[in-house]
Amino acid sequence: MTGSTSMRLLIVDDDPSVQEIYRRSFETDGGTTGAPAEAFRGSRTGKWPIPAFDCTFHDQGLDAIQAVEAALGEGRPYPVAFIDVRMPPGIDGKETARRIRTIDPDIHLVIVTGYSDVSPAEIIEVAGPPDKLFYLAKPFEAAEVVQTAIALGKRWDVDRELADVRADLARHIALLEQQAAALAANEQRAIHVASHDALTDAPNRLAFQHALNERVRRLGPVAVAMVDLDRFKLVNDTLGHLAGDEMIRAVCAILQQAVPQNALVARLGGDEFGLLFDTVAPEAALMACERIVAACDVSLRVMGDPVHGSVSAGVMVSHETGVRDPVDLMRRADLALNEAKRSGRNAARLFDESLDEGIRLRRQIESNLSQAIARDELSMLFQPIVATDTFEVVGFEALLRWHAVAVGPISPAAFIPIAEESNLIHELGDWVLARSLAVLKDWPGQYVSVNFSPRQFRRHNFVGYVMEQVQRANVAPSRLQIEITETAIFDDAERAADTMYRLRQMGFRIALDDFGTGYSSLYNIRKFALDSLKIDRSFIDGMMRERESVAIVHSIIHLGQALGLGVIAEGVETDGQVAMLRAAGASHLQGYLFAVPITAEHAAALAKSGITGVYAAVPSTVAESGATG
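All figures in this text were calculated on a predicted structure; none of them were measured in a lab.

Participant: Go over the nonpolar core with me, naming the residues and quoting the values.
Facilitator: Counting 82 residues, the largest nonpolar core has Trp443, Leu480, Ile484, Leu581 and Leu589 as the members making the most contacts within it. Top contributing element to this core by residue count: helix H14 (residues 424–438), with seven residues. What tryptophan 443 contacts, discounting residues up to four positions off in sequence, is Phe382, Phe396, Val448, Arg479, Ala603, Ala604 and Ala607. Counting residues in each nonpolar core, the second largest holds 35 residues, with Ile248, Val302, Val307 and Val315 among its members.

Dropping the structure here:
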């Protein structure tokens, strides 16, 4: 760029006299005297300061081309070049202009000629663009050549400034484009984060619901499946949450491999996954879910520890003429999942309408159960436990009954599981324990056996809670037998063993209820502080028909004897069962043969007599018929 006081000019002409004219034209002493000053005196163009001209003269085109290259290399390019068209010998002005333009696209070229044998079009074609190519006819006036040099030099300055502005603008545009790209990438990441699970990177509940909303708008059956990890809480409680997270990731990977083609696998939260896939029929969808369940039934190593993984699944299929509401589809799939878990886990279940009716009934039961105590709809019955050798009454099992005003009697098998799934089990359990302990004052020495659910048994400070209740009732701990199921102790065996040990240390009796129906290890039973095993009624009932039941009963009795435990046989209803159980060595019997569940008043009378007579001393008219609980 030229300064305000200096301008470099390249002059190419083979005529020494013409070069002399150029010299005189561009002579100046700083812009105040000399030919340029005279040329601009009184001119409007003179509003620009007259620079000092730094002229380079060459009489051959090749020399001029080298000068342009050198000037660019030094960072001092020529703003303007005056080029004569005819310069024999060597290349002419047209070729000189072409080569200079190739070297320096920004230079302004002034073609100076006294002949008309080269047209402007020819020059533009090789040395354009037109806005950087000008013409000056010989002979020329000093003012003319000076004005041209100053104007083009100024324009060259402006062009450079404009180029800098454009370059700066281009940099800003590039920066803005980078920022826009970064924003777009951030937006995509934000959308991904909002729609994907952080632990597994699978789609989350929001993405699953969106995909389901889109899918139900199209024709064709679609399957919605809900999948839960089986006994996942046990992994979290025993190995820690990091292990639980690792197991969720491992199962998610298995699901993504096992689902049908183009299926969506989403983590809905916790250990629950949602599956969405096309299907041809409900049976095909169920088969797909069964394959998924089978694929997840594997042994895993989670943070170095061996863990057996399994899942349960429930699936709902929507047809064009059936349910298409996404929320209802998920709800029904969830009902099928609950049924799979209730039926033993590690299974897949297809939704049917009976499940929906069942959930409505469950909600009705739960709603009424919450008011049952206040409405005085609950009552207690007691079934005697007798010694096998003398038939002496040694204790009573406490059984809860509910007679709802609105619907009538409701089986414990129906309402106890519902209470167990909510906090109602604690309220019911407190009521049952208080009533059971209260009747002991009317018994001469027998114990009362109270069932505690797994949720009650895992209650915080369970030992302190039970001890407080017996002290409040002024009852010796030895007169309370705590009945618990295998599920209650084997879901968290170490904690259960500690709880049972402390209960035994305080004098409580402990019985393992429904023994043989769960998944306990006979070898591990010895780790627990037990008083007795209760053989489930299903084995007693099958003794007269099935050799397997006889073998199981004998095994349990022999195990109890080997461990120094009492063995109570439940559900005894025939003389033949009594004979077989006495021969096998069962220590105690319980069942309808001796007495149906009876009221507290009749239990007190039977306790005081101490013996059931031949088998049953209490007439059935004073007891409530039905299951013994």
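Participant: Describe the packing of aromatic side chains, with residues and values.
Facilitator: Enumeration over the complete set of coordinates arrives at 12 aromatic pairs. Look at phenylalanine 26 and phenylalanine 53: their rings are 4.8 Å apart centre to centre, the planes differ by 55 degrees, and that puts the pair in the tilted class. Residue phenylalanine 26 is located in helix H1 (residues 16–26), and its partner phenylalanine 53 is located in strand E2 (residues 52–58); the two are separated by 27 residues in the primary sequence. Just as phenylalanine 26 is buried, phenylalanine 53 falls in that class too.

Participant: Please set out the sheet that holds E2 residue by residue, giving values where relevant.
Facilitator: Strand pairing within a sheet occurs via backbone hydrogen bonds; the two strands may be parallel or antiparallel. Taken in spatial order, the five strands make up an open sheet running E2-E1-E3-E4-E5, and their pairing is parallel. The sheet is open, and its two borders are formed by E2 and strand E5 (133–137), each paired with just one other strand. Each strand of the sheet is rotated relative to its neighbour by a mean of 25 degrees, with strand direction disregarded. Bridge count for strand E4 (residues 108–113) against E5 is five bridges, and the pairing is parallel.

Participant: Give me helix H9 (residues 241–258): which residues, what numbers.
Facilitator: With 18 residues, H9 ought to run about 26 Å at 1.5 Å a step, and its terminal C-alpha atoms sit 25 Å apart, in line with that. Three or more residues of H9 are buried, namely Ala243, Gly244, Met247, Ile248, Val251, Cys252, Ile254 and Leu255.

Participant: Mind laying out the environment of alanine 496, listing which residues take part and the relevant values?
Facilitator: Relative to the elements of secondary structure, alanine 496 occurs in helix H18 (residues 493–505). Looking at alanine 496, the relative accessible area reads 2%, which means it is buried. With 32 residues separating them along the chain, alanine 496 and phenylalanine 528 place their C-alpha atoms 8.1 Å apart. In contact with alanine 496, not counting residues within four places along its chain, are Phe457, Ala488, Ile489 and Phe528.

Participant: Tell me what's going on with the environment of serine 453, and back it up with residues and numbers.
Facilitator: Relative to the assigned elements, serine 453 resides in the loop between strand E16 (447–451) and helix H15 (454–457). C-alpha separation for the pair serine 453 and leucine 162, spaced 291 residues apart in sequence, amounts to 86 Å. In contact with serine 453, not counting residues within four places along its chain, are Glu420 and Ile425.

Participant: Lay out helix H7 (residues 205–216) with the relevant residues and their values.
Facilitator: For H7, built from 12 residues, the straight-helix expectation of 16 Å at 1.5 Å per residue is met to within 8% by its first-to-last C-alpha distance of 16 Å. Buried residues of H7: Ala207, Phe208, Leu212, Arg215 and Val216, and no others. The arc enclosing the buried residues of H7, seen along the axis, measures out at 155 degrees, which places them on a common side. Seen from the buried face of H7, the exposed residues on the opposite side, beyond 90 degrees, are Leu206 and His210. The secondary structure elements touched by the buried residues of H7 are helix H6 (142–195), strand E6 (222–229), strand E7 (264–269), strand E8 (272–278) and helix H11 (326–342).

Cut-offs applied
Residues numbered from 1 in each chain as written. Predicted model: local features only at pLDDT ≥ 70, side-chain atom pairs only at ≥ 80, totals over all residues. Heavy atoms only, no water. Core = buried A, V, L, I, M, F, W, Y, C linked by side-chain atoms within 4.5 Å. Buried < 20%, exposed > 50% of the residue type's maximum accessible area, 1.4 Å probe, protein only. Helix = DSSP H or I, 4+ residues; strand = E, 2+ residues; numbered from the N terminus. Contact = heavy atoms within 4.5 Å. Phe/Tyr/Trp six-rings, centres within 6.5 Å; stacked < 30°, edge-to-face > 60°. Pairing = 2+ DSSP bridges. Axes fitted to C-alpha atoms, helices over the stretch in contact; angles between N-to-C directions. Expected span 1.5 Å × (residues − 1). Arc of directions from axis to C-beta.

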